[in-house]
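Residues per chain are reported as follows:
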Protein chains: 2
Amino acid sequence: MLSLHLADFSLDHFLAHYWQQKPVVLRGGFADFENLISPDELAGLACEENIESRLVYRKEGQWQAQFGPFESYEHLGDRDWTLIVQAVNHWSPEVAQLIQPFSFIPKWRLDDVMISYSTPGGGVGPHIDLYDVFICQGSGRRQWRVGDRGEHRQFAAHAALLHTDPFEPIIDVELLPGDILYIPPGFPHDGVSLEESMSFSVGFRSKSARDMLSGLADYLIDNELGNALISDPQRPVHQHQGQINVSDFSMIKAQMQALLDDDNLLADFSGSFLSKTKCQLDLQVLENPYDETELLEQLMLQPMQRIGGLRCFYLDQTVAAGVCYIDGERYEFGASARDAVCALCDQESLSYASLKDLLPQNALIAAESSALLSALTRWVNAGYWYFAE
Amino acid sequence: MLSLHLADFSLDHFLAHYWQQKPVVLRGGFADFENLISPDELAGLACEENIESRLVYRKEGQWQAQFGPFESYEHLGDRDWTLIVQAVNHWSPEVAQLIQPFSFIPKWRLDDVMISYSTPGGGVGPHIDLYDVFICQGSGRRQWRVGDRGEHRQFAAHAALLHTDPFEPIIDVELLPGDILYIPPGFPHDGVSLEESMSFSVGFRSKSARDMLSGLADYLIDNELGNALISDPQRPVHQHQGQINVSDFSMIKAQMQALLDDDNLLADFSGSFLSKTKCQLDLQVLENPYDETELLEQLMLQPMQRIGGLRCFYLDQTVAAGVCYIDGERYEFGASARDAVCALCDQESLSYASLKDLLPQNALIAAESSALLSALTRWVNAGYWYFAE
Ligand SMILES: O=C(O)CCC(=O)C(=O)O
Ligand SMILES: O=C(O)CCC(=O)C(=O)O
Ligand SMILES: [Co+2]
Ligand SMILES: [Co+2]
């Protein structure tokens, strides 16, 4: 298992002084770090239809970018190009292991693990992200420059490549295998490969108030909530036709406010919304689905593994009722399921022991109804969890 | 000018005891009321592409509904059918006059004037609306039954016709020309024409919290507002991967809350949103547009008329800066324009006198810049206001 090694300060210090505030190099963050996927496997993923990938290179000094899927890389030569693949943690259990070391940040903040393979001279150019990122250097060396936050002009160096002007570096380092560069949102950065190399970017992303509000509006529509009309009995004779007066304005505002004041509604929405994935999951529907008895038997033999990238959350507001949110859906298993729901959301690997209070005690009598067993069976059959062996 | 006559109680009494609360018949609400449009003219409007209309009739005892535009009405025979045309106030200045008598309700609550022409036996069937409506009886007599609020099953009597089950009437009256039936949202009602007749429905509609929130989300997107990301520096080491804990939930909620707490933002949004029309406006772009000097000259000779259905609002929050909202757009004319902006939004007919503090004093020197004159000129040229003669 990978574990993060901070040489110069504690995790608490990192969170208090760097997270979301300033970039920092964590030298030797991973001891003996090795690529979690080979360049060939990465190149293979980038040939697939439903995996997001990009090639960035220069042609006669001009930046070029191209979206996958790709068919070959031979025309690119042996320098000055980079291949980037998004959400590799969705497709490779080995790469998904890179997330656990960063579990001091909650999963709802996680975006994905993006991987780049670069030839000498390759890089995506100077740019600014909205993400917090831990760039973990795999094989090879890369030169990274990071500038300060501030007013940086952004422009399209190519239709698919948002760049920023050259900047004065506040960090200028050569990353070696196992080194980690943390960069908060807003700091311009530029990495140039010194030799053939791989980088693993563990990205964290938060939503804007607008994203949340827009998601909430969709949630209300999908669930037919919040549709009571503004009601205005007892109004006085209105004086000015074109005026939306203070009391009408307050009334309109109070009604919108009431939606945000409803903590159960907001918890259900936030859980559902934040548990949606941005990139596709590697869902393999079982050809021979389990029935509940068979599933219980398997689970007694070995734990269920959650597929990479699946988002499972609970909130204090609703977890007491055994509510959790998985891949955009809300599930409710009742108060007795509280601990099971926490295990389901907190752990990548789910054992019989952690769920057994809620499961039939004997596979032979599994016909005994268990809402949780029936959900687990559906999830395994749909590919959300799987048995490794 | 039409004026409303309440025989049995005052307007204050109506607002305190009936508006949004219970239906009531206002006998002789309009003295000597005459159709504001002829059946032929109405039938003509329903032949136009961009005017919303509907035919409701029965065929072998089955309800039928059909959307316009229509080409002829001859096949319908001489009984049991109704023609309904929406937003006739947008197309007929005479019909638009029906709104002023109801100006004790602010314009932002107004929906439109819908008119129905019925043959004997005609009607749309028993149904429930989300609207407050004043059904003003024109020529002919109609029998109206209104039931109480409550649990009423609703069903599609035809794909385009939402009906409700038979109900016990709390009102059962024959409306005569000039009588008005007020019905709040939620009360089932059914009108059957006793002879050839016309009804004029002045409808008021309010939004739901969901409509408003969904509009706000669109407004934020269109205006690139509210896009700052949730920021979470100084977070402690997180313990449970799948948990969205109380403090994170509060943070998410507080950021959404901050948008609603911004009264200027909310005023700009509400003004813009509520000033959008649901049905098309009869905008006639001038073939020979005025220049500013010519417009000022005209305005000195006669008032500008606002076209029917145009929605123009101001809010106390922003009117001090001369801000108004017209047909979905925000306009700002500065603090000195406060009174002009109120006149613009409150009055259907706009005189030189009501604006003159903000207009050049002499048409010959109209080159003198006036943001208001330039906006008025654009509005007249685009057909939002017009000169009657
Ligand atoms: O791997 C690269 O070349 C780019 C990485 C990067 O810029 C990021 O993860 O934000
Ligand atoms: O005019 C009609 O027949 C129907 C009127 C009506 O139901 C309404 O205005 O709500
Ligand atoms: Co970056
Ligand atoms: Co109705």
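Here, every reference points to the structure presented above.
Computed from a predicted model, the values in this text were never measured in an experiment.

(A) Representation of the site of ligand 2 within the structure. Residues and elements named next belong to chain B. In the vicinity of ligand 2, the residues found are Met114, Ser116, His127, Asp129, Val133, Ile135, Arg142, Trp144, His189, Ser199 and Ser201. His127 is positioned with one of its side-chain polar atoms (N or O) 2.9 Å from an oxygen atom of ligand 2. Relative to its unbound accessible surface of 290 Å², ligand 2 loses 95% to contact with the protein. Elements supplying a minimum of two residues to the shell around ligand 2: strand S5 (110-118), strand S6 (132-137), strand S7 (142-147) and strand S13 (197-204). Of the residues belonging to the shell around ligand 2, the class tally is 4 nonpolar, 5 polar and 2 charged.

(B) Highlighting unusual backbone geometry. All names here are of chain A. Cis geometry marks the peptide bond from Gly68 to Pro69; its omega dihedral reads 0 degrees. Here the phi dihedral of Glu224 falls at roughly 45 degrees; this positive angle occurs in a residue that is not glycine. Along the chain, the position of Glu224 falls in the loop between helix H4 (209-222) and strand S14 (243-244).

(C) Local environment of the relation of the copies chain A and chain B. Aligned on chain B, chain A shows an RMSD of 0.0 Å; the corresponding rotation is 180 degrees and the shift along the axis is 0.0 Å. What we have between these two chains is a two-fold relation. When the interface residues of chain A are mapped onto chain B, 100% of them are again interface residues, pointing to one common binding face.

(D) Highlighting empty space enclosed by the protein. By the definition in use, this model includes 2 cavities of 30 Å³ or more. Counted as a void, the largest cavity has a volume near 50 Å³. Taken together, A:His5, A:Leu6, A:Ala7, A:Asp8, A:Phe9, A:Val25, A:Leu26 and A:Arg27 make up the lining of the largest cavity. Split into classes, the residues belonging to the lining of the largest cavity amount to 5 nonpolar, 1 polar and 2 charged. When its volume is computed, the second largest cavity comes out at roughly 40 Å³. Lining of the second largest cavity is provided by B:His5, B:Leu6, B:Ala7, B:Asp8, B:Phe9, B:Val25, B:Leu26 and B:Arg27. Class assignment for the residues of the lining of the second largest cavity results in 5 nonpolar, 1 polar and 2 charged.

(E) Quick look at the coordination of the cobalt ion (ligand 4). Residue and element names in this part refer to chain B. The coordination sphere of the cobalt ion (ligand 4), as far as protein atoms go, consists of His127 (NE2), Asp129 (OD) and His189 (NE2), spread over 2.0 to 2.1 Å. Read in sequence order, the donor residues coordinating the cobalt ion (ligand 4) give the pattern H-x1-D-x59-H. Residue classification places Asp129 among the partly exposed residues on the basis of a relative accessible area of 23%.

(F) Spatial organisation of the sheet that holds strand S10 (residues 169-175) of chain B. All names here are of chain B. Strand order across the open sheet formed by 3 strands is S10-S7-S12, with antiparallel pairing between neighbours. Unpaired on one side and paired on the other, S10 and strand S12 (189-193) mark the two borders of the sheet. Adjacent strand axes in the sheet meet at a mean angle of 10 degrees, parallel and antiparallel pairs treated alike.

(G) Local environment of the sheet that holds S14(A). The mixed open sheet is built from 4 strands, whose spatial order is S14(A)-S16(B)-S17(B)-S18(B). Of all strands in the sheet, those with a lone pairing partner are S14 of chain A together with strand S18 (329-332) of chain B, marking the two edges. As paired strands, strand S17 (residues 323-326) of chain B and S18(B) are joined by 4 bridges and run antiparallel to one another. Bridging across to S18(B), B:Tyr325 finds its partner in B:Arg330. Contacts from helix H6 (residues 263-274) of chain B reach S14 of chain A together with strand S16 (312-315), S17 and S18 of chain B within the one sheet, and its direction differs from that of S17(B) by about 30 degrees.

(H) Geometry of the nonpolar core. Grouped together as the largest cluster of nonpolar side chains are 48 residues, with contacts concentrated most on A:Met256 and B:Met256. Apart from the residues within four sequence positions on either side, A:Met256 is in contact with B:Ala209, B:Met212, B:Leu213, B:Leu216, B:Leu260, B:Leu266 and B:Phe269.

(I) How the structure looks around the packing of helix H7 (residues 292-301) of chain A against helix H11 (residues 371-382) of chain A. Residue and element names in this part refer to chain A. Between H7 and H11, whose axes approach to 9 Å, the crossing angle comes to 85 degrees. In terms of orientation, H7 and H11 fall into the roughly perpendicular class. Note on element contacts: H11 touches H7 through Leu373, Ser374, Leu376, Thr377 and Val380, opposite Glu292, Leu295, Leu296 and Leu299. Looking at the contact of H7 with H11 residue by residue, the classes come out as 6 nonpolar, 2 polar and 1 charged.

(J) Summary view of the interface of chain A and chain B. Across the contact, 75 residues belong to chain A and 75 residues belong to chain B. Both faces combined, the contact of chain A with chain B buries some 6800 Å², and carbon together with sulfur accounts for 63% of it. There are 4 salt bridges connecting chain A and chain B. Counting the contacts that link chain A with chain B gives 45 residue pairs in polar contact (both at pLDDT 80 or more). Here the side of chain A that touches chain B gets 12 residues from one element, more than from any other, and that element is helix H5 (residues 246-261) of chain A. Residue composition of the side of chain A that touches chain B, grouped by class: 40 nonpolar, 20 polar and 15 charged. Sheet analysis places strand S16 (residues 312-315) of chain A next to strand S14 (residues 243-244) of chain B, joined by 2 bridges and oriented parallel.

(K) Just the packing of aromatic side chains, in detail. Residue and element names in this part refer to chain A. Scanning the entire structure with this criterion turns up 52 aromatic pairs over all chains. Arranged with centres 6.1 Å apart and planes meeting at 90 degrees, the rings of Phe30 and Phe102 form a pair that is edge-to-face. Taken as a pair, Phe30 in the loop between strand S1 (24-26) and helix H2 (39-45) and Phe102 in the loop between helix H3 (93-96) and strand S5 (110-118) lie far apart in primary sequence, 72 residues in all. Judged by centre distance (5.6 Å) and plane angle (70 degrees), the ring pair of Tyr290 and Phe387 falls under edge-to-face. In this pair, Tyr290 is assigned in the loop between helix H6 (263-274) and H7 and Phe387 in strand S20 (residues 385-387), connecting sequence segments 97 residues apart. Residue classification places Tyr290 among the partly exposed residues on the basis of a relative accessible area of 23%. Looking at Phe387, the relative accessible area reads 11%, which means it is buried.

Calculation criteria
- Residues numbered from 1 in each chain as written.
- Chains lettered and ligands numbered in written order.
- Predicted model: local features only at pLDDT ≥ 70, side-chain atom pairs only at ≥ 80, totals over all residues.
- Heavy atoms only, no water.
- Near = heavy atom within 4 Å.
- Polar contact = N/O pair within 3.5 Å; in protein donor to acceptor, adjacent residues only side chain to side chain.
- Areas by Shrake-Rupley, 256 points an atom, 1.4 Å probe, with all protein chains shown as cover.
- Helix = DSSP H or I, 4+ residues; strand = E, 2+ residues; numbered from the N terminus.
- Nonpolar A, V, L, I, M, F, W, Y, C, P; charged D, E, K, R; others polar.
- Least-squares fit on C-alpha atoms with pLDDT ≥ 70 in both.
- Contact = heavy atoms within 4.5 Å.
- 1 Å grid on protein atoms, 1.4 Å probe; cavity = no way out; pocket = protein on both sides within 12 Å on 5 of 7 lines; lining within 4 Å.
- Points joined across faces, edges and corners; volume = space filled by probe spheres on them.
- Donors = N, O, S within 2.8 Å, 3.2 Å for Na, K, Ca; no water.
- Buried < 20%, exposed > 50% of the residue type's maximum accessible area, 1.4 Å probe, protein only.
- Pairing = 2+ DSSP bridges.
- Axes fitted to C-alpha atoms, helices over the stretch in contact; angles between N-to-C directions.
- Core = buried A, V, L, I, M, F, W, Y, C linked by side-chain atoms within 4.5 Å.
- Parallel < 35°, antiparallel > 145°, perpendicular 65-115°, else oblique.
- Buried area = accessible area lost by both parts, 1.4 Å probe.
- Salt bridge = Lys/Arg side-chain N within 4 Å of Asp/Glu carboxyl O.
- Phe/Tyr/Trp six-rings, centres within 6.5 Å; stacked < 30°, edge-to-face > 60°.

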